[in-house]
Amino acid sequence: MPAWVQAHITNAWQALLGVGALPTVTYHHKSGPTATVVTSSVTLYLHAYSKREIDNEVILRTDLRGFLPADDLTFVPTQYDEFVRTDGTRWRVMAPSGESGQAMRVFQCRQVAA
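Residues numbered from 1 in each chain as written. Predicted model: local features only at pLDDT ≥ 70, side-chain atom pairs only at ≥ 80, totals over all residues. Heavy atoms only, no water.

K.L.:
If you had to explain the environment of Val42 to someone new, which residues and values would you point to?
P.N.:
Tracing the backbone shows Val42 in strand β2 (residues 38-43). Note on Val42: relative accessible area 10%, which makes it buried. Along the sequence, Val42 and Pro69 sit 27 residues apart, while their C-alpha atoms lie 8.5 Å from each other. If we skip the residues at most four places from it in the chain, Val42 touches Pro23, Thr24, Val25, Tyr27, Leu68, Leu73 and Phe75. (Helix = DSSP H or I, 4+ residues; strand = E, 2+ residues; numbered from the N terminus. Buried < 20%, exposed > 50% of the residue type's maximum accessible area, 1.4 Å probe, protein only. Contact = heavy atoms within 4.5 Å.)

Shown next, in the form of C-alpha coordinates:
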(Lines give C-alpha, C1' and ligand atoms only; values in the text may rest on other atoms or scores of the structure.)
Protein backbone atom coordinates (compact mmCIF):
# COMPACT_ATOMS: atom_id res chain seq x y z
CA MET A 1 0.00 0.00 0.00
CA PRO A 2 1.45 3.43 -0.90
CA ALA A 3 2.53 5.60 2.05
CA TRP A 4 0.09 8.38 1.14
CA VAL A 5 -2.84 5.91 1.27
CA GLN A 6 -1.71 4.64 4.68
CA ALA A 7 -1.37 8.25 5.92
CA HIS A 8 -4.98 8.97 4.88
CA ILE A 9 -6.22 5.77 6.54
CA THR A 10 -4.32 6.56 9.76
CA ASN A 11 -5.66 10.13 9.77
CA ALA A 12 -9.21 8.84 9.27
CA TRP A 13 -8.84 6.37 12.18
CA GLN A 14 -7.38 9.08 14.39
CA ALA A 15 -10.32 11.37 13.61
CA LEU A 16 -12.84 8.56 14.12
CA LEU A 17 -11.32 7.45 17.41
CA GLY A 18 -10.56 10.95 18.64
CA VAL A 19 -6.82 10.53 19.11
CA GLY A 20 -3.65 12.23 18.00
CA ALA A 21 -0.59 10.11 17.41
CA LEU A 22 -1.22 6.40 17.78
CA PRO A 23 0.88 4.80 20.55
CA THR A 24 3.54 2.17 19.96
CA VAL A 25 3.57 -1.09 21.93
CA THR A 26 5.93 -4.06 22.14
CA TYR A 27 3.99 -6.85 20.44
CA HIS A 28 4.77 -10.55 21.02
CA HIS A 29 3.32 -12.68 18.22
CA LYS A 30 2.91 -16.47 18.27
CA SER A 31 1.36 -18.22 15.29
CA GLY A 32 0.37 -21.18 17.49
CA PRO A 33 0.51 -22.41 21.09
CA THR A 34 4.01 -23.89 20.74
CA ALA A 35 5.38 -21.49 18.13
CA THR A 36 8.40 -19.27 18.68
CA VAL A 37 7.58 -15.74 19.87
CA VAL A 38 8.36 -12.96 17.38
CA THR A 39 8.68 -9.54 19.03
CA SER A 40 8.16 -6.26 17.21
CA SER A 41 7.23 -2.67 17.88
CA VAL A 42 3.83 -1.80 16.39
CA THR A 43 1.39 1.10 16.37
CA LEU A 44 -1.74 0.20 18.31
CA TYR A 45 -4.77 2.10 19.55
CA LEU A 46 -6.84 0.76 22.45
CA HIS A 47 -10.44 1.77 22.97
CA ALA A 48 -12.85 0.89 25.79
CA TYR A 49 -15.97 -1.11 24.99
CA SER A 50 -19.29 0.67 25.41
CA LYS A 51 -21.52 -0.25 28.35
CA ARG A 52 -23.98 -1.98 26.04
CA GLU A 53 -21.22 -4.24 24.64
CA ILE A 54 -20.02 -5.41 28.06
CA ASP A 55 -21.72 -8.63 29.17
CA ASN A 56 -19.24 -9.59 31.95
CA GLU A 57 -18.86 -13.02 30.37
CA VAL A 58 -17.27 -12.70 26.95
CA ILE A 59 -16.43 -9.00 27.26
CA LEU A 60 -15.40 -7.76 30.70
CA ARG A 61 -15.55 -4.16 31.91
CA THR A 62 -11.74 -3.99 31.85
CA ASP A 63 -11.34 -5.44 28.33
CA LEU A 64 -10.27 -3.15 25.52
CA ARG A 65 -10.69 -3.22 21.75
CA GLY A 66 -7.41 -2.98 19.86
CA PHE A 67 -7.01 -1.38 16.43
CA LEU A 68 -3.80 -2.40 14.68
CA PRO A 69 -2.91 -0.90 11.26
CA ALA A 70 -2.44 -3.97 9.08
CA ASP A 71 -0.23 -2.68 6.29
CA ASP A 72 2.98 -2.75 8.34
CA LEU A 73 2.33 -6.21 9.80
CA THR A 74 4.27 -9.27 8.76
CA PHE A 75 1.88 -11.48 10.77
CA VAL A 76 -1.82 -12.01 11.46
CA PRO A 77 -2.75 -11.51 15.14
CA THR A 78 -3.74 -14.69 16.99
CA GLN A 79 -5.19 -15.55 20.39
CA TYR A 80 -1.63 -16.52 21.44
CA ASP A 81 -0.35 -12.96 21.10
CA GLU A 82 0.45 -10.52 23.90
CA PHE A 83 1.66 -6.95 23.97
CA VAL A 84 3.20 -4.60 26.53
CA ARG A 85 2.06 -0.99 26.77
CA THR A 86 4.43 1.86 27.59
CA ASP A 87 3.10 1.83 31.18
CA GLY A 88 4.45 -1.74 31.52
CA THR A 89 1.07 -3.52 31.61
CA ARG A 90 0.77 -6.78 29.66
CA TRP A 91 -2.30 -7.57 27.55
CA ARG A 92 -3.44 -10.74 25.78
CA VAL A 93 -5.23 -10.84 22.44
CA MET A 94 -8.58 -12.56 23.04
CA ALA A 95 -10.57 -12.48 19.83
CA PRO A 96 -8.68 -11.38 16.71
CA SER A 97 -10.65 -10.49 13.61
CA GLY A 98 -10.01 -9.02 10.21
CA GLU A 99 -9.23 -10.44 6.81
CA SER A 100 -6.20 -10.03 4.59
CA GLY A 101 -6.20 -6.74 2.77
CA GLN A 102 -8.12 -4.82 5.45
CA ALA A 103 -6.54 -1.58 6.65
CA MET A 104 -7.00 -2.43 10.34
CA ARG A 105 -6.95 -5.59 12.43
CA VAL A 106 -9.41 -5.36 15.29
CA PHE A 107 -9.32 -7.53 18.39
CA GLN A 108 -10.53 -7.85 21.94
CA CYS A 109 -7.74 -7.75 24.53
CA ARG A 110 -7.53 -8.41 28.25
CA GLN A 111 -4.94 -7.32 30.78
CA VAL A 112 -2.73 -10.12 32.10
CA ALA A 113 -2.40 -10.28 35.89
CA ALA A 114 0.96 -9.06 37.11
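K.L.:
Residues and numbers for the packing of aromatic side chains, please.
P.N.:
Applying the stated criterion across every chain yields a total of 4 aromatic pairs. An aromatic cluster of at least three residues, connected via ring pairs, comprises Tyr27, Phe75, Phe83 and Phe107. (Phe/Tyr/Trp six-rings, centres within 6.5 Å; stacked < 30°, edge-to-face > 60°.)

K.L.:
Can you break down the nonpolar core residue by residue, with the values?
P.N.:
With 14 residues, the main nonpolar core has Tyr27, Val42, Leu44, Leu68, Phe83, Phe107 and Cys109 as its most contacted residues. For this core, the elements supplying multiple residues, two or more each, are β1 (24-29), β4 (64-69), β6 (90-97) and β7 (104-111). In this structure Tyr27 touches Val38, Thr39, Ser40, Val42, Leu68, Phe75, Pro77, Asp81, Glu82, Phe83, Val93 and Phe107, once residues within four positions along its chain are discounted. (Core = buried A, V, L, I, M, F, W, Y, C linked by side-chain atoms within 4.5 Å.)

K.L.:
Before we move on, could you go through the pattern of salt bridges and cite the residues and values that matter?
P.N.:
Following the criterion strictly, the structure yields 3 salt bridges and no others. One salt bridge in this structure joins Glu53 and Arg65, with 2.5 Å as the shortest N-O distance. With Glu53 in the loop between β3 (45-48) and β4 and Arg65 in strand β4, this pair connects stretches of sequence that are 12 residues apart. Overall, Glu53 belongs to the partly exposed group, its relative accessible area being 24%. A salt bridge links Arg110 to Asp63, with the nearest nitrogen and oxygen atoms 2.7 Å apart. With a gap of 47 residues between them, Arg110 in strand β7 and Asp63 in the loop between β3 and β4 connect regions that are remote in the sequence. The pair formed by Arg110 and Asp63 is uniform in burial state, with each residue classed as buried. (Salt bridge = Lys/Arg side-chain N within 4 Å of Asp/Glu carboxyl O.)

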